[in-house]
Amino acid sequence: MKKSPLLQDVYIAELLVESNVTLEAQTVMSVLNSTNNISVTSSNGQLTVSLLQNELVAECLLVGDDTSCNCSAGYIWSNEVCYSTTTCCTETTCTQNVSHITPLCIAKVHVHINGSVTLPSTTAWGSSHATQLETAFKELNGFEYLNITGNSLINMADFEAAVSVKFVTSKLQEVVTNLENSLTAIVWVDTLGMVTIESPGTTVCYDSTPLLKCTFDEETGSAGWNMSRPHERFELNDGTVVQLTTTAAHQDYKSCVAVRLNNVTGIWAGVYECGFTSGSVRHTAKTELSVAILPDFINMKINPLTADCTTSPVNVPINVSATIPNSTEKYELRWKGPLGNPLTEKPTTSYENKLIFSGETYISCKKVPSAQQITVSFTNSKKQQKNATVDVPVIYVGDQFCSEEVVNGEIWPKTPAWDTAINRTCAEGRVGYKSRTCDGSTWQPAFSYCVNEELNKVVDAADNFKKGLGATQAVAMDIFEGLKNSSLADSGSDDTMADISASIIILNVMASATTHVVLQEGVFPNLIDAASNMLNKTWDGINSSSVQNMSSDYLQSVEGLVKNIKVNKSRGFNSQNLDLKFCSGSDCNVSVFDISVNLNSTNGIIKTIAVKNLMDKLRNNFHNTVPTNLLISATLEDNNDSSLEITLDFPNNHSKLTIPYCVFWNTTERDWSDAGCTVKDSDINHTFCECNHLTAFSVLMSKGNIPDPILDIITNVGLGVSICSLLIFLIIESLVWSAVVKTNLSHFRHTAMVNIATFLLLADCSFLASSSPEKLSDTWCLVLTICKHLFFLAMFSWMLCLSVMLVHQLIFVFSPLRKRVFMFLSSIVGYVCPILIVGSSYVYCKYTNEPYYEKATCWLHYKKLLEGSIHAFLLPVGTVVLTNLFSMVVVILTLVKSTVPDGSKADDKETAKSIIKVVVFLTPVFGVTWIIGFFQLLIGPEHPMFQVASYSFTILNSFQGFFVLITGCLAEQKVREEMLKLHNGKFTSNLPFRLTPQNDGNVHHNCLLPPSGKIKGKKRQHEEFDFNHIHKRQMKVEIMHRNSHSSMHVCSSSCGPTTNMS
């Protein structure tokens, strides 16, 4: 009876009337009917109670020693009466005086008992056993019948019985125990009708959270829930959907178990059964939960896959279909065509437990900015709605597209640029789809998501397990067995990654589920074999970023499963790629794949698993290192001690020239870290690591030689000197610019030198700012990487401009460059090209999900030859260096060519000196020293010359700014003279020359001659080296070829060296 919300308490009472005269029951009832309120004494004092209902339950007539008691219709003698008298257990008149027993009669209820009896294997079930069974159950109060319902095995029988009163569990257990003793059998029984169940009672909404609750009057050992559908039965456990609650005793009941279903979908509709178990007896109750279903998935397809408006310029007909799971729900279906175009529905069909709704519409070929879409909506009985939309790719007239292709029998239709074509046709025995992206007018490789059909069933089972549907040890065993069998199957090369991806999803889902459901070690053999088989396959066909994410998920999932699965007596499991060992005690020493592990712990079970063939798949941005071939994970069961020390002994197979790093896998950053881990000792054979926490560990080896602190000092000092030198250079150039830039040639040279110095200064500053990457945020690291990339490329671009200009002036003597042409071309090469290279490389890395920079170094990423953003630096710089090297060779050949054929040995010496000067003066400004860096990349760290190359490269390039100051500025005589003028003052009385007026009215300088009175022009020419000298010497050579003795020496009107003019 439901309690009225207006009532605080409801009382049920029995009235016992004793009289010396015979009273009719109806007389008493009439008195009660005329009474509205009575006073009741309770623990809370006197209460006034309103009488709502009265009913005659039992009537006893006591006359002297004769007693006659009867229960009213619909009532039966209570257990207290039955088991105290042994004769008043039926609905007949009781002749014993039981009127003092409370309660006397109780309302009839229907209690069904289902059970099974298993006799010894040598004993066959017979009629005598059935008789014994019925006799035993007749001892229960209100016994109605017992039937044998099945005899599936020769020694086993199923039965059903019914009683009309609730009983105490101990009484039924007594019956069961007596049967087990008399039959030497095992007896199990379930009851239905003893438990009170509460449920919504009506159809619940899709995605709602219904609550089901069962209560029982007695205390029991355990309680749980099951859910069944036609031909399926699932045990419920805690999961993402199922939330079980067992509450403590209440004044109205002693046992309670409730299940809350979070965000129910169609799979949760069914019959729910709760159960309370005590000994061999299980008390149950059932109710049905109806869900207003919406489709769990809606797969939409269009045909053709692309609307081609180039062949049909008005409209293109499109067929569309929506596939959903089959259900009894009567949906209200609505279609919406593209741009509001009408859609004609077609008859609904069914296929493999799926419903297919289809229709026909058309695509307008009038170009619109947004995508043309087709939408379908399903509305259930609760007026809830679920929609699905498909975009129709449209190729308008004039649009870029990829042409139709047939690859391995698969048709990839004509597809608009930058769109992705979906092909839902998989090979037999596989489900899923394949996709292929149209990149401009070029097809990218196809990616297969076609998964093995059996493996896909395992994915669904694991998903249900995680939700809490069928989350038991037996189901987990089946899931890992199915995963193992699928891992042994030979997938096609195109489908291997789809199977591996699905397998990793299963591991991940099961690892998450084991945080709610306790699994025992019996699942380990299949789990370890399946995980090992996955590493035997080739993980290719997808980009490196996807492989790194998949491998990280694999590691985290295996680690989680090993940690959560309980261990009993096993010592370990091993396979080709995984070796799992267990150890318990205060001092654990285990060895997995030759890795020795020692953990000092007071209690708990240490679980260590070593993994092969995974390290090369994980992301590695830790410094400049390469992975080893082994990884080990250590977890501790039943121990939450935060102060742990684990020692690991890794075998080495790398050169002694590399330095080891003890690292652990940071699951948050998805990368390696050395926090809490140190290298205690290392030699050519072993690396000893010590860490203060538990997780996945490994050893990484540096790509280069052991870091040299001397090189670090040289780098920092050199950069400091270079920055100061470049600042001085720019200051000097600003002071002497108007004086030294008199000709186009000098303008070209000084413009290039100023740009080279500026960008080298900015690059050096960026380099210094990123010298401690671990202290920088990701944003700053990215910014500084872009700056270094851009400034170094700009520097080399202006070096290229300088060298090309020099070669042009040497070769085309009588066709000099115009200033406007030089500045226009140089601006494109020096400014635009570096920006385009840096920008395009960054966008490409973003588009392909490849890393643009290394966080550990704040520099460009290197993966392997011709892969990695570093090649957007190496290839342009390599091109510039080779071009500048060629320019130097041209200059040297020019000097050799200018030597007179019949020259003396002195002339040869002068030529050799000139060549040396060319090399010394042009190498810094042409960036030729960077060729040593390419040499380093080629020889590798194990080459004996690597150390020499490292020091040479560091010294020459860290001091490059200083060399630019010396060779590009101070070595030029005009600059020095102008600086002297600025230093001494331009108009002082002690000048070494005087200004004298000439007849033409102009003021001229009187040159200060050497003490000998002779002008040693030739010697001065060889003492100073500049680009003007090279140009003039080449001009002299050209004229001598035309008129071998037609040159003369004149003294210029300006102070300085004598100039050769022809």
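Note that the structure is predicted; figures quoted are calculated from it, not measured. (Residues numbered from 1 in each chain as written. Predicted model: local features only at pLDDT ≥ 70, side-chain atom pairs only at ≥ 80, totals over all residues. Heavy atoms only, no water.)

**Q** Summarise the overall build of the protein chain; cite the residues concerned and give the values.
**A** Check the secondary structure of the protein chain and you find 21 helices and 56 strands. The proportion of buried residues among the 1062 residues of the protein chain is 44%. The contacts in the protein chain between residues at least 6 apart in sequence include a share of 67% that link residues at least 24 apart. Accessible surface for the protein chain amounts to roughly 55100 Å². Of this, 55% is attributable to carbon and sulfur atoms. (Helix = DSSP H or I, 4+ residues; strand = E, 2+ residues; numbered from the N terminus. Buried < 20%, exposed > 50% of the residue type's maximum accessible area, 1.4 Å probe, protein only. Contact = heavy atoms within 4.5 Å. Areas by Shrake-Rupley, 256 points an atom, 1.4 Å probe, with all protein chains shown as cover.)

**Q** Break down the sheet that holds strand β23 (residues 344–350) for me, citing the residues and quoting the values.
**A** Read across the open sheet, the four strands follow the order β19-β21-β24-β23; overall the sheet is antiparallel. Each having just a single partner strand, β19 (299–303) and β23 make up the two edges of the open sheet. Adjacent strand axes in the sheet meet at a mean angle of 20°, parallel and antiparallel pairs treated alike. Across five bridges, β23 lies against strand β24 (residues 354–364) in antiparallel orientation. Note that in β24 the partner of Glu345 across the bridge is Gly359. (Pairing = 2+ DSSP bridges. Axes fitted to C-alpha atoms, helices over the stretch in contact; angles between N-to-C directions.)

**Q** Give a description of the packing of aromatic side chains that names residues and reports values.
**A** Evaluated as defined, the whole model comprises 20 aromatic pairs. Centre to centre, the rings of Phe524 and Phe582 are 5.6 Å apart; their planes meet at 45°, and the pair counts as tilted. Separated by 58 residues along the polypeptide, Phe524 in helix α8 (residues 524–536) and Phe582 in strand β39 (residues 578–584) bring together distant segments of the chain. Of the two residues examined, Phe524 and Phe582, each falls in the buried class. Between Tyr842 and Tyr852 the ring centres are 5.2 Å apart and the planes differ by 85°, which places this aromatic pair in the edge-to-face class. In this pair, Tyr842 sits in helix α13 (residues 819–848) while Tyr852 sits in the loop between α13 and β51 (853–854), placing the two residues 10 residues apart along the sequence. Since its relative accessible area comes to 4%, Tyr852 is described here as buried. Taking NZ or CZ as reference, Lys414 lies 4.4 Å from the ring centre of Phe401, over its face. Positioned above the aromatic ring of Trp539 is the side chain of Lys617, whose terminal nitrogen or guanidinium carbon lies 5.4 Å from the ring centre. (Phe/Tyr/Trp six-rings, centres within 6.5 Å; stacked < 30°, edge-to-face > 60°. Lys NZ or Arg CZ within 6 Å of the ring centre and 35° of its normal.)

**Q** Would you mind going over the state of the cysteines in detail, with residue names and values included?
**A** In total, this model carries 12 disulfides according to the counting rule given. Disulfide pairing places Cys60 opposite Cys69 at an S-S distance of 2.0 Å. Handedness here is read from the sign of the S-S torsion; for Cys60 and Cys69, about 125°, the answer is right-handed. For Cys60, a relative accessible area of 26% translates into the label partly exposed. Look at Cys69 and you get buried, because its relative accessible area is 0%. Across a sulfur-sulfur distance of 2.4 Å, Cys583 and Cys588 are joined as a disulfide pair. Sign of the S-S torsion, about -100° for the bond between Cys583 and Cys588, identifies this disulfide as left-handed. The residues Cys583 and Cys588 share a single accessibility class, namely buried. Free cysteine Cys801: the closest other cysteine sulfur is in Cys833, separated by 8.7 Å. (Disulfide = S-S within 2.5 Å.)

**Q** Describe in detail unusual backbone geometry, supporting the description with residues and values.
**A** The omega torsion across Thr102 and Pro103 is -5°, close enough to zero to call that bond cis. Mapping Pro103 onto the fold places it in the loop between α2 (79–85) and β6 (105–107). Going from Asn303 to Pro304, the amide bond is cis rather than trans, its omega being 0°. With respect to the element layout, Pro304 can be found in the loop between β19 and β20 (307–308). For Asn353, which is not glycine, the phi dihedral falls at a positive 60°. Position of Asn353 relative to the elements: it lies in the loop between β23 and β24. Phi is positive for Arg670, close to 55°, though the residue is something other than glycine. Position of Arg670 among the secondary structure elements: in the loop between β46 (660–666) and β47 (671–673). Overall, the relative accessible area of 24% leaves Arg670 in the partly exposed class.

**Q** Got a sec to walk through the nonpolar core? Specific residues and values, please.
**A** In terms of nonpolar packing, the biggest core is built from 60 residues, with Met510, Phe524 and Tyr554 touching the most fellow members. It is helix α7 (residues 496–513) that contributes the most residues to this core, 11 residues altogether. If we skip the residues at most four places from it in the chain, Phe524 touches Val562, Ile565, Val567, Phe573, Leu580 and Phe582. (Core = buried A, V, L, I, M, F, W, Y, C linked by side-chain atoms within 4.5 Å.)

**Q** Before we move on, could you go through the packing of helix α10 (residues 709–740) against helix α18 (residues 960–970) and cite the residues and values that matter?
**A** Running from N to C, α10 and α18 cross one another at 25°; their axes reach a closest spacing of 6 Å. Between α10 and α18, the angle falls in the class roughly parallel. Crossing hand, α10 versus α18: left-handed. Contacts from Val721, Ser722, Ser725, Leu726, Ile728, Phe729 and Ile732 of α10 reach α18 at Gln960, Gly961, Phe962, Val964, Leu965, Gly968, Cys969 and Leu970. (Parallel < 35°, antiparallel > 145°, perpendicular 65-115°, else oblique. Left-handed = near helix turned anticlockwise from the far one by under 90°.)

**Q** Residues and numbers for the sheet that holds strand β8 (residues 143–150), please.
**A** The eight strands are arranged β8-β9-β7-β10-β18-β17-β13-β14 in an open sheet whose pairing can be described as mixed. Bordering the open sheet on either side are β8 and β14 (232–236), each of which pairs with just one other strand. With strand direction ignored, the average angle separating the axes of adjacent strands in the sheet is 25°. Sheet strands touched by helix α3 (residues 127–137): β7 (111–118), β8, β9 (156–163) and β10 (186–192). Its angle to β8, the strand with the most contacts, is close to 150°. With respect to the sheet, helix α4 (residues 169–183) is in contact with β7, β10, β17 (270–278) and β18 (281–289), its orientation differing from that of β10 by roughly 155°.

**Q** Talk me through the pairing of strand β16 (residues 255–261); I want residue IDs and the actual numbers.
**A** Within β16, six of the seven residues are buried, which leaves it mostly tucked inside the rest of the structure. Judged from the six bridges that link them, strand β12 (residues 211–216) and β16 form a sheet pairing that is antiparallel. Bridge pairing in β16 places Lys213 opposite Ala258. Bridge count for strand β15 (residues 242–247) against β16 is six bridges, and the pairing is antiparallel. Among the inter-strand pairings, Val242 is bridged to a residue of β16, identified as Leu261.

**Q** Lay out the pattern of salt bridges with the relevant residues and their values.
**A** Counted by the stated rule, this structure contains 16 salt bridges. The shortest N-O distance in the salt bridge between Arg233 and Glu273 comes to 3.1 Å. Taken together, the residues span a long stretch of sequence, with Arg233 in strand β14 and Glu273 in strand β17 at a distance of 40 residues. For Arg233, a relative accessible area of 51% translates into the label exposed. Using a relative accessible area of 8% as the deciding quantity, one classes Glu273 as buried. Across the pair Glu273 and Lys286 runs a salt bridge, and its minimum N-O distance is 3.7 Å. (Salt bridge = Lys/Arg side-chain N within 4 Å of Asp/Glu carboxyl O.)

**Q** Residue-level account of α8, with values.
**A** Taking 1.5 Å of rise per residue, the 13 residues of α8 would be expected to cover 18 Å, and the 19 Å separating its terminal C-alpha atoms lies within 8% of that figure. Every buried residue of α8 is listed here: Phe524, Asn526, Leu527, Ile528, Ala530, Ala531, Ser532, Asn533, Met534 and Leu535. (Expected span 1.5 Å × (residues − 1).)

**Q** I'd like to hear about the environment of Met753, residue by residue, with values.
**A** Note on placement: Met753 falls in helix α11 (residues 744–769). Residue class for Met753 comes out buried when judged on its relative accessible area of 1%. Taking the C-alpha atoms as reference points, Met753 and Val964, separated by 211 residues in sequence, lie 8.5 Å from one another.

**Q** Let's hear about the side chain of Arg282: which residues, and what values?
**A** Mapped onto the fold, Arg282 is located in strand β18. Within polar-contact distance, the side chain of Arg282 engages the side chain of Glu273 at 2.9 Å. Apart from the residues lying within four places of it in its own chain, the contact partners of Arg282 are Val189, Asp190, Thr191, Asn226, Arg233, Glu273, Cys274, Gly275, Phe276 and Thr277. (Polar contact = N/O pair within 3.5 Å; in protein donor to acceptor, adjacent residues only side chain to side chain.)

**Q** Give a detailed account of a nonpolar patch on the surface, specifying residues and quantitative values.
**A** A surface patch of nonpolar side chains, amounting to about 550 Å² of accessible area, comprises Phe824, Leu825, Ile828, Tyr831, Val832 and Leu836. Among the structural elements, Leu836 can be located in helix α13. (Patch = residues over 30% accessible without salt bridge, like charges linked within 9 Å, V, L, I, M, F, W, Y side chains within 5 Å.)

**Q** Give me the lowdown on the confidence of the model for the protein chain, citing residues and values where you can.
**A** Model confidence for the protein chain is summarised by a mean pLDDT of 82, while 85% of its residues fall at 70 or above. Every residue in residues 1–7 scores below 50 in pLDDT, and together they form four contacts with partners more than four places removed in sequence or on other chains. (pLDDT = per-residue confidence, 0-100.)

**Q** So what about the side chain of Thr472? Which residues, and what values?
**A** Checked against the element boundaries, Thr472 lands in the loop between α5 (453–467) and α6 (473–488). Taking the relative accessible area as the measure of exposure, Thr472 reaches 15% and is therefore buried. Apart from residues no more than four positions distant in its own chain, Thr472 is found in contact with Glu235, Asn237, Phe465 and Leu519.

**Q** Outline the environment of Val165, listing residues and values.
**A** Within the element layout of this structure, Val165 appears in the loop between β9 and α4. With residues up to four places along the chain from it excluded, the contact list for Val165 reads Ile76, Asn79, Ile106, Val109, Val111, Asn141 and Gly142.

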